[in-house]
Each structure stands twice: as C-alpha cells, then as structure tokens.
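# Structural overview
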Amino acid sequence: MASPTPLSRLFTVLLTGVLAGLVLAVAVLPVNLVFGFAAQAALGNYAALPDALRTPATPQRSYLYANDGKTLITTFYDVNRTDVPLAEIAPVMRQAIVAAEDRRFYHHGGVDLRGMARALVSNATSGTEQGGSTLTMQYVRNVLKTDPNRTAEERAAATAPTVGRKIQEIRYANALEQRLGKDEILNRYLNIAYFGSGAYGIAAASQRYFSKAPADLTLAEAALLAGLVQAPEAYSPIDGDADAALTRRAYVLDAMVATGAITAEQATRAKAEKLKLDPSDQANGCAATASSRDGWGFFCDYLRRWWLEQPAFGDTVAEREQALRRGGYSVVTTLDPQLQKTAQQQATGIYGYDNKRAVPIAAVEPGTGRILAMAVNRHYSLDDNPDGQVNYPNTVNPLISGGGGVAGYQAGSTFKLFTMLAALESGRTLSTGFDAPTRLPTRYAAGTDDSSCNGQWCPANANPQWMNGYRMMWDGFGRSVNTYFVWLAEQVGQDKVVEMAQRLGITFRAEADARFAQDNAANWGAFTLGVSATTPLDLANAYATVAAEGTYCAPLPVVSVTAPDGQRVPVGDPSCRQVLDPDVARAATDAARCPVGQQSAFGQCNGGTATAVNRILEGRPVAGKTGSSERAATETFVGFTPQVAVAGIAANPDDPTDLVGSAVQARVIEAVARIIGTAIDGEPAESFTAPSRALVGDPRRPVERRPIERAPSTAPRSPDTAPRSPDPESDLPRWLQGRG
C-alpha cells in the first residue's frame, strides 16, 4: 500500500480540525438542545437496531454437566465467555471499568462530546492515539463484531476506520441509551469485553486470571482486569507483559481515586500488592476432560455426535456445531459420576492403559435409554502414542459406541437372545424342546474343514458332555447350547432373527454385515452365534429393551438442555416405543435368569455360564448372557436388572486375530456384575415379572428343582463358543464359515 503524500496528510489534518471544530461547537450548545437533535435522529430508530443490540446474541460457552447438574464434564466454545448478572460482579469491578474506560459514563447519553473533541484534537495535533468512544459505543462495536448471526464481512465492517462506521456507532449508542438503563449497558459491556488470554467477559476473565467468580474480585484484581481492556494482548500478565499490566493497574487505581470510587490510601495499598495470579485453563471440547476422568471423553464425544444430529440446534451440521460452541447452553447429561468411576476402574482392572487389548463397557437405563456410563482402558486424547502403538494408550476412536470407522466386535452367544425373542414372538414357548446333538448339520453350504458335514455347515457344541441332550429355552440359554439355538433359528427363519436384532437397536456398521442383513438375511446361518460386529452400547441397549418389557428407547446422552435465556430445548425427553409384546420380553427375561445362576419363575434353570453374578449381587434379581467368539477372540457379558443394563466386551480393537482367550471371560463377568452392583446399591430390589402360562408351555420333562450347575471350568473351550472357523484362506463368506 502506497504511503500518503504530503498533500493527503495535510488534507487529513484539515479535515480532522474541521470535525474537531464541529464537535467543539456542538459541545458548547445547551445539553437539552443537543439531545433533542440526537433524539430526533436516533430514538425513533431503536426498533430498527440490529437484533443483537436489542437482544444480545453474543457467543458464549456451553457447559456440560454430569447427571447431578453440578459436576462439570467440560465446556465448548469458540469464544470463552459466560454472561453473569450485574449483581454477581463485585462493585469494585464495576467502578474500575468505568474509571478506566469512561469516567463520564453516568453523565452522558451514549456519546461524550467533550471526550470526543479532546480525542480528535489530540490525535490531530500530537500524533498520539486517544479513544473518544464511550462504554456504550464500545459495547455497540463489540456486539457487531462478534454477532454470530452476521457474516464475516459484516463483522469486519464493525471495526472499519471509516466516518460512516463511527456515525453509525454514535447513532446506535444514543438509541440504546434512550431505551436502556446505565446499569444494563454496563452489565452488557462487562459480559462482552475482551480481557486477553482468550477470556471474553468478566466471568471468563476472573476465572482465567484468578480462578474465582467475578463477585469475589478484590480491588487490586479488579483494577488489573479493567486495565487490560485497552490493550488485552499487550497487557495480559499471562501472555503479554506483566510489568505493563501492573503499570496499567496503577493508572486505573488513580482513575478510581479521581472518580471518588476509592480513597488515595486504598489505592496506595492496592498498588503495593504483588501480582498474585491463579490462572486456570478453561476446558474446551471432549479432549479437555481431566486425565482422571478418561472415560468421560468418550461419553462427551458421543454426546457431541448426537448433538450434531439434532434439528433443534440448526438446519445443518455446521449450524449445530456453532450452536454448541457459541450458543451458551447448559447441558445436564445422563452420565452418572459414581457409576462411571466404577466402570472405569473395572475396565482398567482387566487391562491397563498400555495393553493393546481393550474392555469397552456401556451402561444404559431401561425404559429411558439414558446412557449412565461409558468406560474403556484408553485415554481420550490426541496425544501421540509410542512407536508401534497406533491407538493405545491414547485414542479418540469411539470404541464403546461405534461409528467413525469403528464397526465393533463379535459378541458371540449374546445374540442368542434375538433368536429366543423371535421364536417366542412366532408363537413358540419357553418349553420348546430339542434333543441337541454335538454337531448339527444345516442346510447352509460349507467348506471342507471340521465345520463341514458332507459339505454342509455343521456347528458344534463346545462342551458336549455339559451341553448335549434334551434342551428347552431355559437351559439352552443357560448352558449356551449352540446346536439348540442354530436349530431354533432355522425353525423361526434367520431373517426373523436378524430383524429382531435390528428392532432392538443392533446396528450393522461393518459393510459385509449390512449387506447380509439387507440382501441375504434368510441364509445368515451363524447369525445367532454372534458373528456380526456390535458395540457395548448397542448390546446394553438391546438388553435394556428386554429389561423394560419390550420398550425400546433410543440411546440418550442428555437429561436437559437449557438455552442462555433459561428456556428448555425440547431434546432431553426419552424417545421410546413398544417393539415387543411385554409378555414376550418377560419370557425371555425368565430364561435369562439361568446363565447368571438364578432360577426361573418355573424352576427350569439347571446350569449357567456366569453363575458368579448371583453371588456378587447377593441374590438381587438379575439376568444376562455370556458370549465367546470363535477361538475366544472376544469375550462378552451383558447383565441387566429392571434398573440398569451393562455390557462389556474384551477385544483387540485393532487386530481381530489377536485372541483375548477364554480366561478373561470370568473377569468381564465380574466387572459387569460390580458395575450393576454400584448402580443398584441403596436402591430397592426390583423383581422381574413372570411371563404368562401361554408362553411357558408344557415342558416334556419333569421340573427338576436341583442346585444350579456351573459350567465346567476345565472345559477345553469356552462353553458358549461357536464352532471353529474354516481355513483362513477360505473365500467363503463369514455367514457360511460359521464363526461364533
């Protein structure tokens, strides 16, 4: 840009002098006459002011709290600010900002003609830069340059060095002064002014510099903050020049003496105080959750992705993101701090943060879908990992909920629940019996390995001595008999089983799974053995649907969302629908008492794969199911009561060929049981409702009221493991290979 010529500089000086003369001339007019003219020009235009000036819409932080409404999870912001009422700002802070920026604030009508004249003359004659803007004019400028509803060009124009902009600022300021009281304008100014180091507004500034509320600021602290407004980045004692900040503080204290706000003695004592900063970083986003609350970041990430899908926060994803970061919402989430703590302890108790294997865990409230806990032995962090450790100990991948490229993990025989539900819905009863063999030839083609019987897929029971024989739904589920449930799925129709899983919220995130579900569900033979990838959150919510007697509720991460004006946003209510006949759900629950070592209402349980649960919960009503995938590549357990459903899966998220081994199953079972214990601790015991006789049927064998039998600990393979997969080189699709 070319430098100004001597002629242009002369013209500027002359023009400034003329403007100064005009201002001085106006300044000597009677005050009433001046404001009579001003009122004619501006007062009638109040209704035409930009919306942001009449109804402030300045960017504010959004706060995320746990379900107690007090425990802060994190905040989201582009601009770090939060509005506070004037009554919550220390009087010395109000006095300091007036003394520092506009001593005649309470004596002018928005435009200080004397101050403007003085500034114009000084700028034209001495070459020094003085401000002639009142607090009201500064407020106008700050609002217009930060209004999220204006374009970038419009925001830039709010600070353009033009006569037109200045005249507009004067008119707007005068219009505001005619309608608003001085305290209201001062309050608005203090809530939008920039104090440096990323802090907008006095609430953010007092926290950023002194880790306290603005009501608790001392005289010295208030004077320091007031002094920052003139040059926030230069004077900031955190990011700028601490000595300059102290010099500016002394200036403000002297100004407060001049206005009569404080005495000279008070100013002297405050000047003598050493700079005592207690800075605090303001958490921003999910990665800013405290290191001691690792699982909170994964929950926060789920909430953010949920938020971006809600039309209540904008028509587009970009608008919803802006609403979260600039809208000043107060969000009470569903996260239970105590349950989350237990879940995180249990997850890290199985595998440490530096273990390549993981135990993602989710807890859901039946009947609402509210997510109570999300834990995994990972730090939610963007920090680098050691060489060779791609996603541990640090990752932001949604290992618990899935999405973003995470399809999930095979959950083994936990999927037998969907077969049982489909069978019960089709009119079969819990007494539906089948003499389960060691191996079961099916109509599905297979390769030539040991899962094949003359070319047909032939799944096997992992422990024939314990599993084979006449089984009904109770002991078939309790002992996790593969051949019983593959047979049952064939009777019902595999497509009905797949549809049931989807109805209860199982999402097929893996492309191959989604393709089979859509195009070939009727031939997905091994589906009941849990070959489809799923996540702990989907699985917990599916079982929660059964716990809620067939009421499915979409997973929900919030209890309430409140806008800055105190209005509730209608997004916190559960979204539920009845997807199962309650009697069908009760019947499935009755059978699900068997795996955990409890007895059904009809005395048909005679063995379980997770009997430790009953001992851990000391007989409190509970149900659930274990699941082991092929060769114990993953180990899963889902447990539920009427109050909570919890699912945990041990897996290697980055390498499905890394087998976790069957030994970890007992630890996953215990972990889930301990989490359930925390959830129901102190709560009254709630019993499950028994199903009607119509769904019980007439068992062929006599009721055997014998002690509950545990799965043999010496079994060569996990009791509910699916048959071994064919040769890895096989190009047969997974549903034919029969991985469980």
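Source: prediction; values computed, not measured.

## So, helix H4 (residues 91-101)
Residues of H4 that are buried: Met93, Ala96, Ile97, Val98, Ala99, Ala100 and Glu101. Looking at the buried side of H4, the elements it contacts are helix H6 (135-146), helix H9 (182-190), helix H10 (202-210), helix H11 (219-228) and helix H13 (242-259).

## Focus: the pairing of strand E18 (residues 623-628)
Taking burial as the measure, the six residues of E18 include six buried ones, the bulk of the element. Burial along E18 is two-sided: the residues Ala623, Lys625 and Gly627 and Gly624, Thr626 and Ser628 are all buried. Sheet topology note: the E18/strand E19 (residues 635-640) ladder contains six bridges and is antiparallel. By the bridge assignment for E19, serine 628 is matched with glutamate 635. In sequence, E18 turns back onto E19 through a hairpin of six residues, with arginine 631 there showing a positive phi of about 60°.

## Section: the sheet that holds strand E4 (residues 361-364)
Spatially, five strands are ordered E5-E4-E20-E19-E18 in an open sheet, and the strand pairing comes out antiparallel. Edge strands, defined here as strands with exactly one partner in the open sheet, are strand E5 (371-375) and E18. In this sheet, adjacent strand axes meet at a mean angle of 5° when their direction is disregarded. Relative to E5, E4 runs antiparallel, the two being bridged by four bridges.

## Concerning the packing of H11 against H13
Contact geometry of H11 with H13 gives a least axis separation of 8 Å together with a crossing angle of 105°. Our classification of the angle between H11 and H13 gives roughly perpendicular. Here H11 contributes Leu219, Ala220, Ala223, Leu224, Ala226, Gly227 and Leu228 to the contact with H13, which in turn contributes Ala245, Arg248, Arg249, Val252, Leu253 and Met256. Its residues placed into classes, the contact of H11 with H13 shows ten nonpolar, one polar and two charged.

## Focus: empty space enclosed by the protein
Within the structure shown, the criterion is met by one cavity of 30 Å³ or more. The calculated volume of the largest cavity comes to roughly 30 Å³. Along the walls of the largest cavity sit Arg620, Pro621, Thr641, Pro642, Gln643, Ile680, Ala685 and Glu686, which together make up its complete lining. Among the residues forming the lining of the largest cavity, the class breakdown is four nonpolar, two polar and two charged.

## Remarks on the sheet that holds strand E15 (residues 558-562)
Taken in spatial order, the five strands of this open sheet run E2-E1-E3-E15-E16, and their pairing is mixed. A single partner strand is all that each edge strand has here, and the edge strands are strand E2 (72-76) and strand E16 (568-569). The sheet contact formed by strand E1 (residues 62-65) and E2 spans four bridges and is antiparallel. Bridge pairing in E2 links leucine 64 to threonine 74.

## A word on the state of the cysteines
One pass over the full model with this rule turns up four disulfides. Put simply, cysteine 286 and cysteine 300 are joined by a disulfide, and their sulfur atoms are 2.1 Å apart. Where cysteine 286 bonds to cysteine 300 through sulfur, the torsion about that S-S bond is close to -75°, and the disulfide is left-handed. Linking cysteine 286 in the loop between helix H14 (264-272) and helix H15 (294-307) with cysteine 300 in helix H15, this pair joins segments that are 14 residues apart in sequence. For cysteine 594, the disulfide goes to cysteine 605, at an S-S distance of 2.0 Å. On the sign convention where negative is left-handed, the bridge of cysteine 594 and cysteine 605, at about -75° about the S-S bond, is left-handed.

## Quick word on the pattern of salt bridges
The final tally for this structure, using the stated rule, is 20 salt bridges. We note a salt bridge from glutamate 169 to lysine 166, for which the minimum N-O separation is 3.7 Å. Taken together, the positions of glutamate 169 and lysine 166, both in helix H8 (residues 163-179) and three residues apart, correspond to about one turn of that helix. Take glutamate 169: its relative accessible area is 3%, and that puts it in the buried class. Of the charged contacts in the structure, one is a salt bridge between arginine 503 and glutamate 425, with a shortest N-O distance of 2.7 Å. Note that arginine 503 is positioned in helix H22 (residues 494-503) and glutamate 425 in helix H18 (residues 416-425), a separation of 78 residues in sequence. Via salt bridges that share partners, Arg141, Arg165, Lys166 and Glu169 belong to a single interconnected network.

Scoring rules and cut-offs
- Residues numbered from 1 in each chain as written.
- Predicted model: local features only at pLDDT ≥ 70, side-chain atom pairs only at ≥ 80, totals over all residues.
- Heavy atoms only, no water.
- Buried < 20%, exposed > 50% of the residue type's maximum accessible area, 1.4 Å probe, protein only.
- Helix = DSSP H or I, 4+ residues; strand = E, 2+ residues; numbered from the N terminus.
- Contact = heavy atoms within 4.5 Å.
- Pairing = 2+ DSSP bridges.
- Axes fitted to C-alpha atoms, helices over the stretch in contact; angles between N-to-C directions.
- Parallel < 35°, antiparallel > 145°, perpendicular 65-115°, else oblique.
- Nonpolar A, V, L, I, M, F, W, Y, C, P; charged D, E, K, R; others polar.
- 1 Å grid on protein atoms, 1.4 Å probe; cavity = no way out; pocket = protein on both sides within 12 Å on 5 of 7 lines; lining within 4 Å.
- Points joined across faces, edges and corners; volume = space filled by probe spheres on them.
- Disulfide = S-S within 2.5 Å.
- Salt bridge = Lys/Arg side-chain N within 4 Å of Asp/Glu carboxyl O.

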